Amino acid sequence: MDRITELAAVIDRHVTSSGICTTAMPHVSLIRADQPSTPTPAVYEASLCLIAQGSKRVSIGDHSVVYDAAHYLLVSVDLPLVGHVIDASPDRPYLCCKIDLDPAMLSDLMVAEGGAVPHTDLPVLGVYPSDPNLIDAACRLVGLLDRPDTIRALAPLIEREILYRLLTGPHGPMLRHLVTAGSHLNQISRAIAAIRRRFDAPIRIDEVAAEAGMSPSSLHAHFKAITRMTPLEYQKQLRLQEARRLMLVGGATAGTAGFAVGYESPSQFSREYRRLFGAPPRQDIERLHAVPSAGIAL
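Peer 1: Outline the state of the cysteines, supporting the account with residue identities and numerical values.
Peer 2: One pass over the full model with this rule turns up zero disulfides. Of the cysteine sulfurs around Cys96, a residue in no disulfide, the closest is that of Cys49, at 4.9 Å. No disulfide involves Cys139; its nearest neighbouring cysteine sulfur is the one of Cys97, lying 9.7 Å away. For Cys139, a relative accessible area of 4% puts it in the buried group.

Peer 1: So what's going on with the packing of aromatic side chains? Which residues, and what values?
Peer 2: Evaluation of the coordinates by the stated rule reveals five aromatic pairs. Ring centres of Phe223 and Tyr234 lie 5.5 Å apart, and the angle between their planes is 85°; this geometry places the pair in the edge-to-face category. Linking Phe223 in helix α8 (residues 216-227) with Tyr234 in helix α9 (residues 231-250), this pair joins segments that are eleven residues apart in sequence. Classification of Phe223 as buried rests on a relative accessible area of 0%. Feature note: the residues Tyr263, Phe269, Tyr273 and Phe277 constitute an aromatic cluster, connected by ring pairs. Cation over ring: Arg239 sits above Tyr263, and NZ or CZ is 5.9 Å from the ring centre.

Peer 1: Explain the pattern of salt bridges residue by residue, including any values.
Peer 2: Scanning all chains against the criterion turns up 21 salt bridges. Note that Asp108 and Arg160 form a salt bridge whose closest N and O atoms lie 2.9 Å from each other. Of the two residues, Asp108 is situated in helix α2 (residues 103-113) and Arg160 in helix α4 (residues 151-167); the sequence distance between them amounts to 52 residues. According to the relative accessible area criterion, Asp108 is partly exposed, its value standing at 39%. A salt bridge links Glu211 to Arg197, with the shortest nitrogen-to-oxygen separation between them at 2.4 Å.

Peer 1: Any chance you could break down unusual backbone geometry for me, citing the residues and the numbers?
Peer 2: Its identity is not glycine, yet Arg228 carries a phi of approximately 65°, on the positive side. By the element assignment, Arg228 lies in the loop between α8 and α9. With relative accessibility at 41%, the residue Arg228 sits in the partly exposed group.

Peer 1: Lay out α8 with the relevant residues and their values.
Peer 2: Here α8 spans 16 Å end to end across twelve residues, near enough to the 16 Å set by a 1.5 Å rise per residue. Listed as buried for α8 are Leu219, Phe223, Ile226 and Thr227. For α8, the angular spread of the buried residues around the axis is 75°, confining them to a single face. Every exposed residue of α8 that faces more than 90 degrees away from the buried side is listed here: Ser217 and Ala225. Along its buried surface, α8 packs onto β5 (55-60), β8 (79-87), α6 (184-197), α7 (205-212) and α9.

Cut-off values and rules
Residues numbered from 1 in each chain as written. Predicted model: local features only at pLDDT ≥ 70, side-chain atom pairs only at ≥ 80, totals over all residues. Heavy atoms only, no water. Disulfide = S-S within 2.5 Å. Buried < 20%, exposed > 50% of the residue type's maximum accessible area, 1.4 Å probe, protein only. Phe/Tyr/Trp six-rings, centres within 6.5 Å; stacked < 30°, edge-to-face > 60°. Helix = DSSP H or I, 4+ residues; strand = E, 2+ residues; numbered from the N terminus. Lys NZ or Arg CZ within 6 Å of the ring centre and 35° of its normal. Salt bridge = Lys/Arg side-chain N within 4 Å of Asp/Glu carboxyl O. Expected span 1.5 Å × (residues − 1). Arc of directions from axis to C-beta. Contact = heavy atoms within 4.5 Å.

Now the structure itself:
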């Protein structure tokens, strides 16, 4: 059995129904879909996504990429994306492992390895040909779920190996910029963190820019260049996606969910929700309850 097939078997064993499953390892999630899904907006944390079976399309603005068992996805900063599974069936489900990037561990590895931080224009959302070393490490990491008593000791070591292979791979320069203080990518990453912390409050660009160590004009320019949206547009997607979660998982009404994420006008909330998700809140949630895999975006 080759390693990608072995990875698929482990994921299939631990996720038996469509959805996203957290694990005993905080940085590792497993995803399964038994049928293709509809395009669904979601915030992707900075992460490595390895598909063991099936395929997926993700888009940001007019930029779209497809990845599968022969290609992996790397997201370098938290991004609101639109994703949907395009190849899945009950007999051959979509199976994916998502490993969140740990900036502190990346920074530690960069210091240990040394070397300059080269200039790069690599995208923060990219698809790369499958790396056997990454697949092998991911298979060993997910395989720890079969031996939970080994997770505490071994998971951090394997995660560190995975991050090292990313740091020394074709996307290494971009990851180095992510954890280098003063780089635009590092500054925008800090701005994103500030917006996410206070997404339900009115956005104050001066405060966000100060946290990022940038001027407001520089923040706008580089935020748009990296995320393909303005800070305000980014916040709006965060609000709408959290409102959707509150309705889908928490049973909140549209009015309650809209108010909870910072909307004062129900009509504005409904209008912007429909623009993003393609249906009014109630209709969208009913659809998701009827077809659980419809909302799988990761």
